[in-house]
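# Coordinates in review
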Amino acid sequence: MKKIKKIGVMTSGGDSPGMNAAIRSVVRTCAFYKIECAGIYRGYQGMIEGDFIDLNARSVKGIINKGGTFLKSARSKEFMTKEGRAKAYKALTDANIDALVTIGGDGTFTGALVFNKEYNFPIIGIPGTIDNDIAGTSHTLGYDTTLNTVVEVIDKIRDTASSHNRLFFIEVMGRDVGHIALNAGVGAGAEEILIPEEDLGLERLVDSLNRSKESGKSSSIVVVAEGDKTGKNVFELKDYVNEHMPEYDVRVSVLGHMQRGGSPSCFDRVLASRMGVTAVENLRDGKSNLMVGLINDKIAVTPLQKAIKGQSKINKELIRVSDIMSV
């Protein structure tokens, strides 16, 4: 087994709170085990261009509380080509980097698997995405912070909804899965939650809103995942409800990229620290093609292939709880 002497760490794809904390953990674990560490700027594109910086324990001071990623993130079309990956391999070997920790989502892990297959390069993945859409972990980095951000914003919107007897459609991120919408919706007391996994239908939505009105509710909050199929988009939902419930003053609020930003929660900082340590220790033990995750509150590893192809399941019990809470 070849001894790992220098580990590269990178972030790729969409940023998420906790990425900086994970970088810090990787760097300091390397320092603990007397392994050199290099930061790779701008993900796979920076890898191709050899945009590296040597990091030590002091290089990552004061970043555990910072959102985003100080190594920057980018998507690389060039890395999707054999020629691009060949350049990346040369850049890594020229810098004496002999293992990688990649922090990102399924696109990041797919690139890592292809790269490993071609060059047998040791790689461990850390799931960093606010959507929580990776199999093999109950929580991805940034998910908890995003939930707290969304609930805080919905609480503020409810103040104005109640003051003006308004119905608000609030769109949150979640193109393919509804974890953010479902959990934040329950946490913020939403009257309805629309997610890709459950097609409520426009007529049923109006029926539900009518029942809420008849029960004495003068204002309502509907949380909508961006990938929900009830309408073409959240604005079509608004138009449909305006047409069928003209007594409602309907508003739309799209939360957008504010959900990605902000200082990571304590949970995400601790999770990032645990994942970074495990990633480096697995590389040190000669393991590769694994993703570090959290299962039943214990750190565990899952084959990258399974993490990519698997699907994180929505919590059906939480859907039932949501239905009961909306009476």
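Residues numbered from 1 in each chain as written. Predicted model: local features only at pLDDT ≥ 70, side-chain atom pairs only at ≥ 80, totals over all residues. Heavy atoms only, no water.

Going by what an unreviewed UniProt entry lists, the protein is known as ATP-dependent 6-phosphofructokinase and is assigned to Polaribacter porphyrae. Looking at the protein in UniProt, the text filed under Catalytic activity (unreviewed entry) is "beta-D-fructose 6-phosphate + ATP = beta-D-fructose 1,6-bisphosphate + ADP + H(+)". (UniProt positions renumbered as here; feature names shortened; annotations may be inferred.)

Moving on, we come to the sheet that holds strand E5 (residues 123-127). Each strand in a sheet pairs with another by means of backbone hydrogen bonds, the pair being arranged parallel or else antiparallel. If you trace the seven strands from one edge of the open sheet to the other, you get E3-E2-E1-E4-E5-E10-E11, paired in mixed fashion. This sheet does not close on itself; its edge strands, each paired only once, are strand E3 (52-55) and strand E11 (298-303). The average undirected angle you get between the axes of adjacent strands in this sheet is 30°. In this structure, strand E2 (residues 36-40) lies alongside E3, joined through four bridges in antiparallel fashion. What sits directly across from glycine 39, in E3, is isoleucine 53. Seen against the sheet, helix H9 (residues 266-284) touches strand E1 (6-11), strand E4 (99-104), E5, strand E10 (290-295) and E11 and runs at an angle of roughly 140° to E10. (Pairing = 2+ DSSP bridges. Helix = DSSP H or I, 4+ residues; strand = E, 2+ residues; numbered from the N terminus. Axes fitted to C-alpha atoms, helices over the stretch in contact; angles between N-to-C directions. Contact = heavy atoms within 4.5 Å.)

This part covers the packing of helix H5 (residues 143-164) against helix H6 (residues 179-188). For the pair H5 and H6, interaxial distance at closest approach is 9 Å and the crossing angle is 50°. One element, H5, and the other, H6, form an angle in the oblique class. Pair H5 / H6 crosses with right-handed handedness. Each of Tyr143, Thr146, Leu147, Val150, Val151, Ile154, Asp155 and Arg158 in H5 lies in contact with H6, whose residues at this interface are His179, Ile180, Asn183, Ala184, Gly187 and Ala188. Across the contact of H5 with H6, the residue classes tally to eight nonpolar, four polar and two charged. (Parallel < 35°, antiparallel > 145°, perpendicular 65-115°, else oblique. Left-handed = near helix turned anticlockwise from the far one by under 90°. Nonpolar A, V, L, I, M, F, W, Y, C, P; charged D, E, K, R; others polar.)

Using the criterion set out here, one finds eight aromatic pairs in the structure. Arranged with centres 6.2 Å apart and planes meeting at 85°, the rings of tyrosine 89 and phenylalanine 121 form a pair that is edge-to-face. With a gap of 32 residues between them, tyrosine 89 in helix H3 (residues 82-94) and phenylalanine 121 in the loop between helix H4 (106-119) and E5 connect regions that are remote in the sequence. Take tyrosine 89: its relative accessible area is 30%, and that puts it in the partly exposed class. We classify phenylalanine 121 as buried; its relative accessible area is 5%. With 5.3 Å between their ring centres and 45° between their planes, phenylalanine 115 and tyrosine 119 make a pair best called tilted. Taken together, the residues span about one helical turn, with phenylalanine 115 and tyrosine 119 both in helix H4 at a distance of four residues. Note on phenylalanine 115: relative accessible area 1%, which makes it buried. Pairwise contacts between aromatic rings join Tyr44, Phe79, Tyr89, Phe115, Tyr119 and Phe121 into one cluster. (Phe/Tyr/Trp six-rings, centres within 6.5 Å; stacked < 30°, edge-to-face > 60°. Buried < 20%, exposed > 50% of the residue type's maximum accessible area, 1.4 Å probe, protein only.)

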